[in-house]
Amino acid sequence: LYILDVWGYKGSYYLFENGSDTPCKNTLALLNHILQKGHYKHIYSIGSSKGGTAAIYFGLIINASVIIAGACQYNIGNYLTKPEHYEIFRAMMGVNAGNEEREKLNSIMPSHLQKYKDKSSPIIHLLYSKNEHTYQDDIIDLLDKLNECGYRVLEKQYDFSEHNDIGIYFKKYLRELLLK
């Protein structure tokens, strides 16, 4: 199942649009509808960048057995309040959004990982490069929280410096992993 993030201005992490959590509710409703139809032995939640953040977020809720996330954002508010992403932030949280909304977004992943630490036991594959900004901005904090909460994490480091290059390595990793 591929779910396109159509909300807001260039997506919403499937979480908010204009301050409303309708994207999150709709995404969960779709996932639950699909999952109720089948008796799945294994559920994989997969994505890179904002899709990686969503893969972890929703993967924990639906009790995925495997989560594969590449160069994802952990401190969502900090990422979205950078000048190049500010329109996405405003579309998600409202035109008058400020520090309170930034902190609300920053708290999503830490509190979510804490909430599901004893309810879910997926294997989390985390792909990243130490030479790309996401590592310093997000991955270090994400790894700290994953380890603090006791999640099983398999790290895969690549060597790239541009965030958009995660797609190249992500596809390669998926092929290697899923075709074993």
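The sections below set out a description of the structure shown in this document. (Residues numbered from 1 in each chain as written. Predicted model: local features only at pLDDT ≥ 70, side-chain atom pairs only at ≥ 80, totals over all residues. Heavy atoms only, no water.)

## What about the overall build of the chain?
Turning to step 1, where the next piece is worked out: When you go through the chain residue by residue, the secondary structure sums to 7 helices and 4 strands.
Turning to step 2, where the next piece is worked out: Its C-alpha atoms give the chain a radius of gyration of 16 Å, within 12% of the compact-globule value 16 Å for 180 residues.
Turning to step 3, where the next piece is worked out: Considering only C-alpha atoms, the chain reaches an extent of 50 × 40 × 30 Å along its principal axes.
Turning to step 4, where the next piece is worked out: For the chain, with 180 residues in total, the buried portion stands at 49%. (Helix = DSSP H or I, 4+ residues; strand = E, 2+ residues; numbered from the N terminus. Rg over C-alpha atoms; globule rule 2.2 N^0.38 Å. Buried < 20%, exposed > 50% of the residue type's maximum accessible area, 1.4 Å probe, protein only.)

## A short note on the environment of Asn 18
Turning to step 1, where the next piece is worked out: Structurally, Asn 18 is set in the segment before α1 (22–37).
Turning to step 2, where the next piece is worked out: Ignoring sequence-local partners within four residues, the contact set of Asn 18 consists of Ala 91, Met 92, Met 93, Gly 94 and Val 95. (Contact = heavy atoms within 4.5 Å.)

## As for the pairing of strand β1 (residues 44–48)
Turning to step 1, where the next piece is worked out: Only one face of β1 is buried, namely the one carrying Ser 45 and Gly 47, since none of Tyr 44, Ile 46 and Ser 48 on the opposite face is buried.
Turning to step 2, where the next piece is worked out: For the crossover that starts at β1, traverses helix α2 (residues 50–61) and ends in the parallel strand β2 (residues 66–70), the hand is right-handed. (Right-handed = clockwise from strand over helix to strand, strands pointing away.)

## Observations concerning the packing of aromatic side chains
Turning to step 1, where the next piece is worked out: Enumeration according to the criterion identifies 7 aromatic pairs in this entry.
Turning to step 2, where the next piece is worked out: Consider the rings of Tyr 128 and Tyr 135, whose centres lie 5.4 Å apart with planes at 25 degrees: the pair is stacked. Pair check on accessibility: Tyr 128 and Tyr 135 agree, each one buried.
Turning to step 3, where the next piece is worked out: On the numbers, 4.9 Å between centres and 35 degrees between planes, the contact of Tyr 158 with Tyr 169 is tilted. With a gap of 11 residues between them, Tyr 158 in strand β4 (residues 152–158) and Tyr 169 in helix α7 (residues 166–178) connect regions that are remote in the sequence.
Turning to step 4, where the next piece is worked out: On the accessibility criterion, Tyr 158 (11% relative accessible area) is buried.
Turning to step 5, where the next piece is worked out: What makes Tyr 169 partly exposed here is its relative accessible area of 23%. (Phe/Tyr/Trp six-rings, centres within 6.5 Å; stacked < 30°, edge-to-face > 60°.)

## Focus: the sheet that holds β1
Turning to step 1, where the next piece is worked out: Strand order across the open sheet formed by 4 strands is β1-β2-β3-β4, with parallel pairing between neighbours. Edge positions in the open sheet fall to β1 and β4, since each of these has one partner strand only. Mean inter-strand twist for the sheet, computed between neighbouring axes without regard to direction, equals 10 degrees.
Turning to step 2, where the next piece is worked out: Pairing of β1 with β2 involves 5 bridges; the strand directions are parallel. By the bridge assignment for β2, Ile 46 is matched with Ile 68.
Turning to step 3, where the next piece is worked out: Packed on one face of the sheet, helix α6 (residues 133–149) meets β3 (123–129) and β4 and runs near 155 degrees to β3. (Pairing = 2+ DSSP bridges. Axes fitted to C-alpha atoms, helices over the stretch in contact; angles between N-to-C directions.)

## So, the packing of helix α5 (residues 99–116) against α6
Turning to step 1, where the next piece is worked out: Their axes nearest at 9 Å, the elements α5 and α6 cross at an angle of 20 degrees. Here α6 runs roughly parallel to α5, going by the angle between their axes. In this structure, the crossing between α5 and α6 has a hand that is right-handed. Mapping the contact onto sequence places Pro 110, Leu 113 and Gln 114 in α5 and Leu 142, Lys 145, Leu 146, Glu 148 and Cys 149 in α6.
Turning to step 2, where the next piece is worked out: Classifying every residue of the contact of α5 with α6 gives 5 nonpolar, 1 polar and 2 charged. (Parallel < 35°, antiparallel > 145°, perpendicular 65-115°, else oblique. Left-handed = near helix turned anticlockwise from the far one by under 90°. Nonpolar A, V, L, I, M, F, W, Y, C, P; charged D, E, K, R; others polar.)

As far as function goes, none of this settles anything; it's purely spatial.
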